[in-house]
Structures are given as structure tokens and as C-alpha cells.
Amino acid sequence: PGSSKRGRFIFPELNFAILPRARKWQNPDGYWRNVFAINNQFPGPIINVTEGDAVVVRVTNMVPRDSISLHFHGLSMRGHPEMDGAAGFTQLPIPPLQTYEYRFVATDVGTHWYHAHMALQYCDGLYGSFIVNKQNAPQRSSY
């Protein structure tokens, strides 16, 4: 998902849901257990944007009993600390069946990750990669 044009909004919609109990994934720690999935993926989908892109990530909490928040690790959120996703510090958690939109400009070039910021939910699968490509990179046409 995404666009590489400066200033265009990116709309990767992340719907958080628990996979059916019958479906299990092997956790990286080697024990079989139920895990969270983002858009039915474990780990969550890669969000790939370009430096300067205006990003919108719409999070709908489909986790039946838990509130969640999403933190974009490694992204500075300059001028928008309320988009940091630290529940209880910069935002209220997202209650079950509610939606929250994170809006920010991708400024920190590199490979980052997004993850849940409540309890240990990221250990149970609420995470994914967030890549910010350098605008006008000489090698850009190679990837």
C-alpha cells in the first residue's frame, strides 16, 4: 500500500482482529499459541512510504475485550506528539470497536516498525514494518 508522491495521503487501513482460536501461529519464542493479526496477517502488513508523504493510518480496534494504541517506533512525530501512540501519555487508548486516525508526515528515513503500546500486545503479534524511503534517492529506480 502507499504512494511515493510527495504530499499525497497514504491510506493503509489497519484493522486489528484476533484470529479464530482454531488458527494458531508459531510465536517467535517457539511456543504455539493464539496471536493477534493485523488485516489477517502476522506480523502485520508492511507500510512503505516516501520521505515527505502525508500518512494516514486508520486503526479500527476489533479486539473484543482490550483497548489498544499504535506507536510508530523511530518516527519523531515532530509537531504532532498526539500521534505518538503512547497510551496514557500522548493519547487515550482506542476502545473495542472504535476507530482512531493517526496523521503525520513521514520525515525519518529508514526502516522502522509500528506496534501496540498497551500491555504486551506487541508480543502477541500487534506489530509490523514501517519503511520511509529517501525522496529522490539515486538508487530509487532499483527498488
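Since we're looking at a predicted model, the values are computed, not measured. Every chain's residues receive numbers from 1 upward, in the order its sequence appears when written. Totals for whole chains, interfaces and linings use all residues, but because this is a predicted model, local features are given only for residues with pLDDT of at least 70 and pairs of side-chain atoms are given and counted only at 80 or more. With hydrogens and water excluded, all non-hydrogen atoms of the structure serve as input to the side-chain values.

**Quick look at the overall build of the chain**
Step number 1: Across its full length, the chain holds 0 helices and 11 strands.
Step number 2: Secondary structure is summarised from DSSP: a helix means a run of H or I of at least four residues, a strand means a run of E of at least two, and numbering begins at the N terminus for each. Ordered by position from N to C terminus, the α and β elements of the chain give β-β-β-β-β-β-β-β-β-β-β.
Step number 3: Here the chain holds 143 residues, and the buried ones make up 40% of them.
Step number 4: Here, two residues are considered to be in contact whenever any of their heavy atoms come within 4.5 Å of each other. Restricting to contacts in the chain with at least 6 residues of sequence separation, those with at least 24 account for 67%.
Step number 5: Note that accessible areas follow from Shrake-Rupley with a 1.4 Å probe, and for residues the cover is restricted to the protein chains shown. When the accessible area of the chain is evaluated, it comes to approximately 7900 Å², of which 55% is carbon and sulfur surface. Burial here depends on accessible area, computed with a 1.4 Å probe over protein chains only, as a share of the maximum for the residue type. Under 20% is buried, over 50% is exposed, and the range in between is partly exposed.

**Let's talk about a nonpolar patch on the surface**
Step number 1: Patch rule: a residue counts if its relative accessible area is over 30% and it has no salt bridge; like charges are joined within 9 Å, and nonpolar side chains (Val, Leu, Ile, Met, Phe, Trp, Tyr) within 5 Å. We define a salt bridge as a side-chain nitrogen of Lys or Arg found within 4 Å of a carboxyl oxygen belonging to Asp or Glu. On the surface, Trp113, Leu120 and Tyr122 cluster together into a nonpolar patch covering about 280 Å² of accessible area.
Step number 2: With respect to the element layout, tyrosine 122 can be found in the loop between β10 (110-116) and β11 (127-133).

**Side note on the nonpolar core**
Step number 1: Counting residues in hydrophobic clusters, the biggest one holds 23 residues, and the most contacted among them are Val57, Phe72, Tyr102, Phe104 and Phe130.
Step number 2: No other element matches the 3 residues that strand β7 (residues 54-61) contributes to this core.
Step number 3: Ignoring anything within four residues of it in the chain, the contact list for phenylalanine 130 reads Ile47, Val49, Val55, Phe72, Leu75, Phe104, Gly110, Thr111, His112, Trp113 and Tyr114. As used in this record, nonpolar core signifies buried Ala, Val, Leu, Ile, Met, Phe, Trp, Tyr and Cys residues forming a set joined through side-chain atoms within 4.5 Å.

**A few points about the pairing of β11**
Where a strand is regular, its side chains alternate between the two sheet faces.
Step number 1: Relative to β11, strand β6 (residues 47-50) runs parallel, the two being bridged by 4 bridges. Opposite isoleucine 47, over in β11, you have phenylalanine 130 as the bridge partner.
Step number 2: The sheet contact formed by β10 and β11 spans 6 bridges and is antiparallel. Within β11, the position partnered with histidine 112 by the bridge is phenylalanine 130. Whether two strands pair comes down to DSSP finding at least two bridges between them.

Interpretation in functional terms is not warranted from these geometric data alone.
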